[in-house]
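Overview (structure and organization)
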2 protein chains.
Amino acid sequence: MLNRVRSAVAHLVSSSGTSSQRSKSPDLPKAISPPPGALETPKSPGTKSGNEIPAPQKTAETPVSFSRPTFLQLSPGGLRRADDHVGRAVQSPPDTGRRLPWSTGYAEVINAGKSRHNEDQACCEVVYVESRRSITGVSREPSHNQGFSFYYWGLFDGHAGGGAAEMASRLLHRHIREQLKDLVEILQDPLPPPLCLPSTPGTPGVSSPSQLVSPQSWSPQKEVTHDSLVVGAIENAFQLMDEQMARERRGHLVEGGCCALVVVYLLGKMYVANAGDSRAIIVRNGEIIPMSREFTPETERQRLQLLGFLKPELLGSEFTHLEFPRRVQPKELGQRMLYRDQNMTGWSGRIELEDLRFPLVCGEGKKARVMATIGVTRGLGDHNLKVCSSTLPIKPFLSCFPEVRVYDLTQYEHCPDDVLVLGTDGLWDVTNDSEVAATVDRVLSTYEPNDPSRYTALAQALVLGARGIPRDRGWRLPNNKLGSGDDISVFVIPLGGPGSSYS
Amino acid sequence: MLNRVRSAVAHLVSSSGTSSQRSKSPDLPKAISPPPGALETPKSPGTKSGNEIPAPQKTAETPVSFSRPTFLQLSPGGLRRADDHVGRAVQSPPDTGRRLPWSTGYAEVINAGKSRHNEDQACCEVVYVESRRSITGVSREPSHNQGFSFYYWGLFDGHAGGGAAEMASRLLHRHIREQLKDLVEILQDPLPPPLCLPSTPGTPGVSSPSQLVSPQSWSPQKEVTHDSLVVGAIENAFQLMDEQMARERRGHLVEGGCCALVVVYLLGKMYVANAGDSRAIIVRNGEIIPMSREFTPETERQRLQLLGFLKPELLGSEFTHLEFPRRVQPKELGQRMLYRDQNMTGWSGRIELEDLRFPLVCGEGKKARVMATIGVTRGLGDHNLKVCSSTLPIKPFLSCFPEVRVYDLTQYEHCPDDVLVLGTDGLWDVTNDSEVAATVDRVLSTYEPNDPSRYTALAQALVLGARGIPRDRGWRLPNNKLGSGDDISVFVIPLGGPGSSYS
């Protein structure tokens, strides 16, 4: 995530030529360690799940180690090549080994030097969910109701360290599985879902079927769809993952934060959940269907400003919730510079400038920042992130909640060239939906429809097309513009369904 | 606005058969007068405009009088017919008199008895804006820069009394004019707007041209378009109108609140500003272009819940920011009923029910309510609105800010059948965009393109089609469904430009 976390405000308000100081800083800040004893376990009032998901042993043993997704099956030599900023070799799962589930294509490349390691991580799994009722021994129903599998893909774009992305890639699907355990019977039952779930999940003896309270027709009630229960489960899983990161940041197990873009395939539907600035699109018969939107200081400006307005203590004495079209100069005090507040989309000059506090949200496009520090407003982790030279925490302004979009695979007859493309911002910084759709068409048309390597070839083409080739002291695209110097990771998921090559 | 403000929570939590008590109540509550001395002028920190717009003399003399738009030119007998709930005669400007600006068509009808008078109001004006600089005598520039005119249409759908709608119909365009005075030269100058305006508007001597600070290229800055300045001016005008209502509610000058749907035509563009549940659509060559969206407890659920979560004191001891799919029963305490919080779009049963507080947002569709009271979440007024049997104010959850959409009239060659239709919810409750587009086609095709009465005929057809005819002890549509018993008001604005009939 190049340029998206900055070591922040050397001078909050520029007076003369100091404005370039911030943007030139090439180093990303390490998350600041909290003083001993200052750590709190974040409260989640009323949460009584108690189904703790332990961090994998490996993480505890080698807290800040470098790793790539296990499905790449990298040898020690391969790992070194994947970690080489100079060669920037594109990595994919080997042709010879176990293929990814669902004939998924994948490719990645490390950044051009902006961070020591590739801070993107990826996960692709088939996850079996056992009903909580069958686990607790209450249910003795036919076996097909006792569990189901979901397919899972996750892209995690880390910043300020790779720890959060690595942790999320290992654990987020387990949180999703945990949340789905309550829903195994409900999702397989065509009747409308019950509005009450058994109390105290996981406690034997209380989750009898009679406690699945049925809808009562005498009372008006909202429609609760099966889809909305899965969406709720994914939303909760993101929050629980974020809370686990908060607990385990002690001892540097978790560094920095990460964007998370996740797809869950369950019972005929794709649930695409995005928190951050990665992007998912479907290319179907040449048509582009956006499956996510990016969460940045610009797209979330009004949410951030509202929070700053309602909780001014979060702004300290350094920031104002107002936005200005450029930096305010001391000589402009007393004038009416144009501004926007949390309610406005237009600009107004209705109030006079009274002080030089820095705007909570500033900058445009890839340079937009919250508190002059971070350029993405949703994701996991970042519990230690502070404004530089300050103890002001940034986390309160970041949301761990994804937006989830649902795509019903059964509503359309998909052909082998219809795909869901997931990419981190390393891809999208230098290309757009239309160019990706053109590459989909160009690459897939050169492969037989049943060639199992075609989706990985497409992922590689997309990564290569965004990276470019080394020329004129930089990585350049065919049009001579700069290629992406960021980590780039791409999944290509064929919508035609799980391929025969899954083993 | 039938059914949109309810006299609220007789029993916040139902225990047995009391659930129908609320929805059967036919009477709308009067706004509760605050105790003497409890009134405050709302603070607008930093606002120094000082350009107070006085309420019209008439309002001060006859605070709760009944009136209809002056452009209807109603005689005393006509006013009585317009006020007749039984006959429900459709009202339009007379064919013989002065036509509305821009060949605008208009029709309205009173409700079927839900409130004493028609609580909708309307305004259609051409408004001249004189530059503040020419007013203060600073500017000596050529006369074409010293002012411009804008066309203005406003629909105001009152609730809990007609005072707010009447006040807004008389004054909101004057607030817009006041805000535009600063922009007269800027909007007529093709150069990018300056980022600073003269300090202290209206004060002679300080607003010299040299203080219109130009963009400085060395500092990165946001693009400020001319459009976004007009949008900001309209947003500010809505806020100032709302603040004026707060000041002048003392002595019952302003009753209740109102939705506001406003169109400003300025320099080739239509600015459509909506706060409430009225709706604007363009029908162009048969195609429908939505020009507004509705603001209701359902569409604004997450904004409302976030406010309740961040400021729990606004919920009192009666409400919870969580939403449940139906009313919670006492026997369900300790269970895990499905819920959604401010971050979620899906449903989850992650937490156990601990108390029986009533959800901040409840109900569906036209029955959705904030604090069991009001069914619309944006608009003007409502400063005295309280939860029934409580002193808990509802106004903090209501926003006076409109969403503004811009339509550039110069980008398309419009034919005489292309129109912008504005309607209060009395229209949209019983019809939809497609049916309105079909009526547009059907009615306009029966009139010559240059017939000046065609747009009023269309407005009448739309109002009649939503009202229906009296049959089977009710107002019924041709399909025998119930027609709208609400006040219905419709503007039809031809996009072909101002007609020759404007005088």
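Note that the coordinates shown come from a computational prediction; the quantities given were computed from them, not determined experimentally. (Residues numbered from 1 in each chain as written. Chains lettered and ligands numbered in written order. Predicted model: local features only at pLDDT ≥ 70, side-chain atom pairs only at ≥ 80, totals over all residues. Heavy atoms only, no water.)

1. What to know about the overall build of chain A
Summing up its helical and strand segments, chain A has eleven helices and 19 strands in all. Counting the 503 residues in chain A, one finds 58% classified as buried. Taking contacts inside chain A between residues at least 6 apart in sequence as the whole, the part at least 24 apart equals 70%. By element, 52% of the accessible surface of chain A is carried by carbon and sulfur atoms, the whole surface being about 20,000 Å². (Helix = DSSP H or I, 4+ residues; strand = E, 2+ residues; numbered from the N terminus. Buried < 20%, exposed > 50% of the residue type's maximum accessible area, 1.4 Å probe, protein only. Contact = heavy atoms within 4.5 Å. Areas by Shrake-Rupley, 256 points an atom, 1.4 Å probe, with all protein chains shown as cover.)

2. Focus: the confidence of the model for chain A
As a general rule, the predicted coordinates of low-pLDDT regions are not to be interpreted in detail. All names here are of chain A. Summing up the model confidence of chain A, the mean pLDDT is 83 and the portion of residues at 70 or higher is 79%. Segment residues 58-64: pLDDT under 50, and eleven contacts once partners within four positions in sequence are set aside and those in other chains are kept. Low pLDDT (under 50) marks residues 499-503, which in the prediction has eleven contacts with non-local residues, meaning those over four places away or in another chain. Here the prediction assigns the complex a pTM of 0.84, and the interface score ipTM is 0.82. (pLDDT = per-residue confidence, 0-100.)

3. Focus on the packing of aromatic side chains
Considering all chains together, one arrives at 20 aromatic pairs over all chains under this definition. Through a chain of ring-to-ring contacts, three or more aromatic side chains come together here, namely A:Trp102, A:Tyr151, A:Trp153 and A:Tyr265. Looking at A:Arg378, its charged tip hangs above the ring of A:Phe295, at a distance of 4.2 Å from the centre. Directly above the aromatic system of B:Trp475 lies the positively charged group of B:Arg88, at a separation of 5.0 Å from the ring centroid. (Phe/Tyr/Trp six-rings, centres within 6.5 Å; stacked < 30°, edge-to-face > 60°. Lys NZ or Arg CZ within 6 Å of the ring centre and 35° of its normal.)

4. Side note on the side chain of A:Glu323
Within the secondary structure layout, A:Glu323 lies in the loop between β9 (319-320) and β10 (336-337). Of note is the side chain of A:Glu323, whose polar atom sits 3.2 Å from the side chain of B:Lys222. Beyond its immediate chain neighbours, meaning those up to four positions away, A:Glu323 contacts A:Arg301, A:Gln305, A:Leu338, A:Tyr339, A:Arg340, A:Trp347, A:Pro359, A:Val361 and B:Lys222. (Polar contact = N/O pair within 3.5 Å; in protein donor to acceptor, adjacent residues only side chain to side chain.)

5. Digging into the packing of helix α10 (residues 433-444) of chain A against helix α11 (residues 454-467) of chain A
Residue and element names in this part refer to chain A. It is the contact of α10 with α11, at a shortest axis distance of 10 Å, that shows an interaxial angle of 135°. Here α10 is positioned oblique relative to α11, judged by the angle of their axes. Viewed along their axes, α10 and α11 form a crossing whose handedness is right-handed. Side by side, α10 and α11 meet where Val436, Thr439, Val440, Val443 and Leu444 of the first sit next to Arg454, Tyr455, Ala457, Leu458, Ala461 and Leu462 of the second. Broken down by class, the residue content of the contact of α10 with α11 amounts to nine nonpolar, one polar and one charged. (Axes fitted to C-alpha atoms, helices over the stretch in contact; angles between N-to-C directions. Parallel < 35°, antiparallel > 145°, perpendicular 65-115°, else oblique. Left-handed = near helix turned anticlockwise from the far one by under 90°. Nonpolar A, V, L, I, M, F, W, Y, C, P; charged D, E, K, R; others polar.)

6. Looking at the pattern of salt bridges
Where side chains of opposite charge bring their charged atoms close, a pairing between them can arise. Scanning all chains against the criterion turns up 55 salt bridges over all chains. The residue A:Glu403 makes a salt bridge to A:Arg293 at a minimum N-O spacing of 2.6 Å. Highlighted residues: A:Glu403 in strand β15 (residues 403-408) and A:Arg293 in the loop between β8 (287-290) and α8 (301-310), separated in sequence by 110 residues. On the basis of relative accessibility, which here comes to 37%, the residue A:Arg293 falls in the partly exposed class. Linked through salt bridges whose partners overlap, the residues forming this network are A:Arg132, A:Glu178, A:Lys181, A:Asp182 and B:Arg336. (Salt bridge = Lys/Arg side-chain N within 4 Å of Asp/Glu carboxyl O.)

7. Focus: the packing of helix α5 (residues 163-180) of chain B against helix α7 (residues 226-248) of chain B
Residue and element names in this part refer to chain B. Contact pair α5 / α7: the axes reach a minimum separation of 8 Å and the direction vectors enclose 135°. Considering the angle they form, α5 stands oblique to α7. Our pair here, α5 against α7, has a crossing hand that is right-handed. From α5, Ala164, Met167, Ala168, Leu171, Leu172, His175, Ile176, Gln179 and Leu180 reach across to α7, where they touch Ala233, Asn236, Ala237, Phe238, Leu240, Met241, Gln244, Met245 and Glu248. By residue class, the composition of the contact of α5 with α7 is 13 nonpolar, four polar and one charged.

8. Examining the sheet that holds strand β16 (residues 419-423) of chain A
Residue and element names in this part refer to chain A. The five strands are arranged β1-β19-β16-β7-β8 in an open sheet whose pairing can be described as antiparallel. At either margin of the open sheet sits one strand with a lone partner, and together these are β1 (105-109) and β8. Put simply, the sheet's adjacent strands are angled 20° from each other on average, direction ignored. As paired elements, strand β7 (residues 279-284) and β8 share four bridges and run antiparallel to each other. Within the sheet, the bridge partner assigned to Val283 lies in β8 and is Ile288. Its contacts with the sheet place α10 against β7, β8 and β16, and it is angled at close to 50° to β7. (Pairing = 2+ DSSP bridges.)

9. Brief notes about the sheet that holds strand β16 (residues 419-423) of chain B
Residues and elements named next belong to chain B. If you trace the five strands from one edge of the open sheet to the other, you get β1-β19-β16-β7-β8, paired in antiparallel fashion. Here the strands that pair on one side only, and so sit at the sheet edges, are β1 (105-109) and β8 (287-290). This sheet shows a mean twist of 20° between the axes of neighbouring strands, independent of strand direction. Bridge analysis of β1 against strand β19 (residues 488-494) gives five bridges, and the strand direction is antiparallel. By the bridge assignment, Val109 is partnered in β19 with Ile488. Contacts from helix α10 (residues 433-444) reach β7 (279-284), β8 and β16, with the element oriented near 50° to β7.

10. Overview of the state of the cysteines
Residues and elements named next belong to chain A. Evaluated as defined, the whole model comprises zero disulfides over all chains. The thiol of Cys258 is unpaired, and the distance to the nearest cysteine sulfur, on Cys259, comes to 7.1 Å. According to the relative accessible area criterion, Cys258 is buried, its value standing at 0%. A disulfide-free cysteine, Cys388 has its sulfur positioned 14 Å from the sulfur of Cys362, the nearest such atom. (Disulfide = S-S within 2.5 Å.)

11. Here's the deal with helix α11 (residues 454-467) of chain B
Residues and elements named next belong to chain B. When the terminal C-alpha atoms of α11 are compared, their 20 Å separation across 14 residues agrees well with the 20 Å that a helix rising 1.5 Å per residue should span. Burial runs high along α11: ten of the 14 residues are buried. Every buried residue of α11 is listed here: Arg454, Tyr455, Thr456, Ala457, Leu458, Ala459, Leu462, Val463, Ala466 and Arg467. Looking one or two residues past α11, Gly468 carries a phi angle of roughly 80°, positive in sign. (Expected span 1.5 Å × (residues − 1).)

12. Overview of the pairing of strand β3 (residues 147-159) of chain B
Residue and element names in this part refer to chain B. Across the 13 residues that make up β3, a large majority, twelve, are buried. Two elements, strand β2 (residues 120-130) and β3, share eleven bridges in a ladder whose sense is antiparallel. Considered in β3, the bridge of Glu125 is made with Tyr152. In the sheet, β3 pairs with strand β5 (residues 257-266) via nine bridges, with the strands oriented antiparallel. Residue pairing across strands places Trp153 opposite Val263, the latter belonging to β5.

13. Quick notes on helix α8 (residues 301-310) of chain B
Burial of α8(B) is extensive: seven of the ten residues sit out of reach of the surface. Residues B:Arg301, B:Leu304, B:Gln305, B:Leu306, B:Leu307, B:Gly308 and B:Leu310 constitute the buried set of α8(B). For α8(B), the secondary structure elements touched by its buried residues are α8 of chain A together with β12 (361-362) and β13 (369-370) of chain B.

14. Some details on the environment of B:Gly161
Residues and elements named next belong to chain B. With respect to the helices and strands, Gly161 occurs in the loop between β3 and α5. C-alpha of Gly161 to C-alpha of Asp382: the two residues are 221 residues apart in sequence and 9.9 Å apart in space. Dropping the residues within four chain positions of it, Gly161 is found in contact with Glu119, Glu255 and Gly257.

15. Re unusual backbone geometry
Residue and element names in this part refer to chain A. A positive phi angle, close to 50°, is found at Arg88, a residue other than glycine. Mapping Arg88 onto the fold places it in the loop between α3 (76-82) and β1. A relative accessible area of 0% places Arg88 in the buried class. A positive phi is found at Leu267, a non-glycine position, where the angle reads about 50°. Within the secondary structure, Leu267 is located in the loop between β5 (257-266) and β6 (269-275).

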